[in-house]
Amino acid sequence: MSLLGIDVGTTGCKAICFAVNGEPLASAYREYDIQHPRPGWAELDAIAVWKAVKATIREAAMAASDDPVRALAISSLGEAVVPVTRDRQILGPSILNFDSRGEVYLSELREQMDDVALYRINGNTLGNHYGLTKLLWIKRHQPALYARTHKFLLWSSFVAYMLGGESVVDHSLANRTLLFDLERKTWSPRLVEDADLDLEKLPVTAPSATVVGKVAREVGQALGLPPDVTITTGAHDQCANAVGCGVSEAGQAVYGMGTFLCLTPVFNTRPPSAVMIARGLNTEHHAVPGKYVSFLYNQGGALVKWYRDTFAAEEHRQALGAGDDVYDALFAEVPEGPSGIIALPHFTTTGPPDFISESCGVVAGLRLETPRGAILKGILEGATFYLKSCVDRLPETGITVTELRATGGGSKSDVWLQLSADILGRPLVRPAVTEAGALGAAIIAGVGSGAFNSFGEGIA
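Residues numbered from 1 in each chain as written. Predicted model: local features only at pLDDT ≥ 70, side-chain atom pairs only at ≥ 80, totals over all residues. Heavy atoms only, no water.

Participant: Explain the overall build of the protein chain here, please?
Facilitator: Assigned secondary structure in the protein chain consists of 18 helices and 24 strands. Here the C-alpha atoms of the protein chain give a radius of gyration of 21 Å, agreeing with the 23 Å that 2.2 N^0.38 yields for 460 residues. Projecting the C-alpha coordinates of the protein chain onto the three principal axes gives extents of approximately 65 × 60 × 45 Å. Residue pairs in contact within the protein chain that sit at least 24 positions apart in sequence constitute 70% of those at least 6 positions apart. Accessible surface computed for the protein chain: about 18700 Å², of which carbon and sulfur atoms make up 51%. Put simply, the protein chain has 39 plus and 50 minus side-chain charges, and the middle of one group is 4 Å from the middle of the other. (Helix = DSSP H or I, 4+ residues; strand = E, 2+ residues; numbered from the N terminus. Rg over C-alpha atoms; globule rule 2.2 N^0.38 Å. Contact = heavy atoms within 4.5 Å. Areas by Shrake-Rupley, 256 points an atom, 1.4 Å probe, with all protein chains shown as cover. Lys, Arg positive; Asp, Glu negative; His and termini not counted. Charge placed at Lys NZ, Arg CZ, Asp CG, Glu CD.)

Written out as structure tokens, the structure is:
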């Protein structure tokens, strides 16, 4: 048997079949574009993404047909929801977390829920990047759509639902709406009522690795899946990444090196709200039972992509045509020693602790003799020092980080890994399988379906 891990991201999705020993058997990937129908808007065409997800599942499942899939789970982006009908019809696009819609409701919501009270219940402070304000916008600006919607599903639960599972969302993803009660492990009636939303339009909540059904027969046949494939709840992508690189105990942390640079530490008990709020840190259920995680992040990976598209657009085009990776050549240009460049990574709204939006990026220290590679290194340094300033304040919360495990596309670069280890002052370990989101989802599926007796066994 094999286990299928599906990873749905903001700009692409992948499906990977793994043997129960963790060996990748077959994989597939598809990209899709973020839609910007108006200035400040950012959404995914849910129909197009679902089509891409199905294509990856079929390609991976067919390639691994000698070792047929027995269970699957989905890792996905957080915050965004998809409106669906009872008979699994998609009703509209999925509004992304950095979409400006809903921001006007923040002052109104603050009259109902202050940050301290909200944090005690949900583990987050109020912000427009969560699902709550997007749901409010839909209810008030698209009342017909809101009324027709049977469930608003976060992406992992949406894919599971479209495959034939029940409408169930795991705890980590439910938290990204701002409507979830961390202690009660279910939706908060108070938060839902204060937001003037309808509880029945939200899916049931359950821990990661909960069985939610089987792949529907007709869907499975179309996707090349054998009969009776078990579907389990998955996880928020950062939590799935943690499972996929073995980060399950306090003191360990993921160093995600994708679109976001995201450091995800694991801890055993909830720190006091005041110390977390002061540092802009959230608290969320890990996919692993009894554990919590938080996120320290910025869009460092997006800055590297900006550098590629701005300074090396032609090389990137040629590399794509030849089937090569232009990043290898670009990182080879990075000079030894400090870059001499200071880069302020405020190209978009920053992450913790301050979430600054009224700022912009700066690259300073340029001279006529400055080589292109020094600018790239300056960008890497700026984004990493930003994270270091957050990591240095963690001991006051009781959260410790002694080892980082790197995942994502950036973790393939020895140059970037070494720079990060030097600045953060901690060892970085690169797992053999760097596609940690899909691997984490596969482990979750294995735990839920009984292939593994525990998360510890699955990780081992």
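Participant: It is not clear to me how the side chain of His285 should be interpreted in this structure. Could you clarify?
Facilitator: One can find His285 in strand S18 (residues 284-285). Assessed through its relative accessible area of 7%, His285 is described here as buried. Look past the residues within four positions of His285 in its chain and what remains in contact with it is His171, Ser172, Phe180, Leu182, Lys185, Cys239, Lys291, Tyr292 and Val293. (Buried < 20%, exposed > 50% of the residue type's maximum accessible area, 1.4 Å probe, protein only.)

Participant: Looking at this structure, how should I read the nonpolar core?
Facilitator: As a rule of thumb, soluble globular proteins bury nonpolar side chains together. Val8, Leu72, Trp155, Phe158 and Leu225 are the most contacted members of the largest nonpolar core, which has 44 residues in total. Contributions of two or more residues to this core are made by strand S1 (2-8), strand S2 (12-19), helix H1 (46-63), strand S5 (69-76), strand S6 (81-84) and helix H6 (155-163). Among the elements that take part in this core, H1 stands out by supplying eight residues, more than any other. Among all residues touching Phe158, those that are not within four sequence positions of it are Trp50, Val82, Val84, Ile90 and Leu153. Counting residues in hydrophobic clusters, the runner-up holds 42 residues, among them Tyr119, Met257, Leu417 and Ile423. (Core = buried A, V, L, I, M, F, W, Y, C linked by side-chain atoms within 4.5 Å.)

Participant: Help me understand the pattern of salt bridges, please; the structure alone is not making it clear to me.
Facilitator: Oppositely charged side chains are able to pair whenever their charged atoms sit close together. All chains considered together, the criterion is met by 22 salt bridges. One salt bridge in this structure joins Asp309 and Lys305, with 3.1 Å as the shortest N-O distance. With a gap of four residues between them, Asp309 and Lys305 both fall in helix H12 (residues 300-311), about one helical turn apart. By relative accessible area, Lys305 is classed as partly exposed at 41%. In this structure, Arg317 and Glu314 form a salt bridge, with 2.5 Å as the shortest nitrogen-oxygen distance. Residue Arg317 and its partner Glu314 are located together in helix H13 (residues 313-322), separated by three residues, close to a single helical turn. Shared partners join several salt bridges into a network, and the residues in it are Asp7, Lys14 and Glu435. (Salt bridge = Lys/Arg side-chain N within 4 Å of Asp/Glu carboxyl O.)

Participant: Hey, could you run me through helix H15 (residues 372-391) in this one?
Facilitator: Every α-helix winds through 3.6 residues per turn, so residues three or four apart in the chain are directed the same way. When the terminal C-alpha atoms of H15 are compared, their 29 Å separation across 20 residues agrees well with the 28 Å that a helix rising 1.5 Å per residue should span. Counting buried positions over the 20 residues of H15 gives 16, a clear majority of the element. (Expected span 1.5 Å × (residues − 1).)

Participant: Would you mind going over the packing of aromatic side chains with me for this structure?
Facilitator: Taken as a whole and judged by the stated rule, the model has 13 aromatic pairs. Each ring, one from Phe180 and one from Trp187, has its centre 6.2 Å from the other, and the planes form 90°; the classification is edge-to-face. Considered together, Phe180 and Trp187 belong to a single accessibility category, that of buried residues. Look at Trp306 and Phe311: their rings are 5.9 Å apart centre to centre, the planes differ by 80°, and that puts the pair in the edge-to-face class. Above the ring of Trp41, the side-chain terminus of Arg101 is found at 3.6 Å from the ring centroid. (Phe/Tyr/Trp six-rings, centres within 6.5 Å; stacked < 30°, edge-to-face > 60°. Lys NZ or Arg CZ within 6 Å of the ring centre and 35° of its normal.)

Participant: What is the right way to look at the side chain of Thr397 in this model?
Facilitator: Mapped onto the elements of the fold, Thr397 is located in the loop between H15 and strand S23 (401-407). With a relative accessible area of 7%, Thr397 lands in the buried category. A distance of 2.6 Å separates a polar atom in the side chain of Thr397 from the backbone oxygen of Leu394. Here Thr397 is in contact with Pro271, Val275, Met276, Arg279 and Leu281, once residues within four sequence places are set aside. (Polar contact = N/O pair within 3.5 Å; in protein donor to acceptor, adjacent residues only side chain to side chain.)

By themselves, these are just geometric observations and shouldn't be taken as functional.
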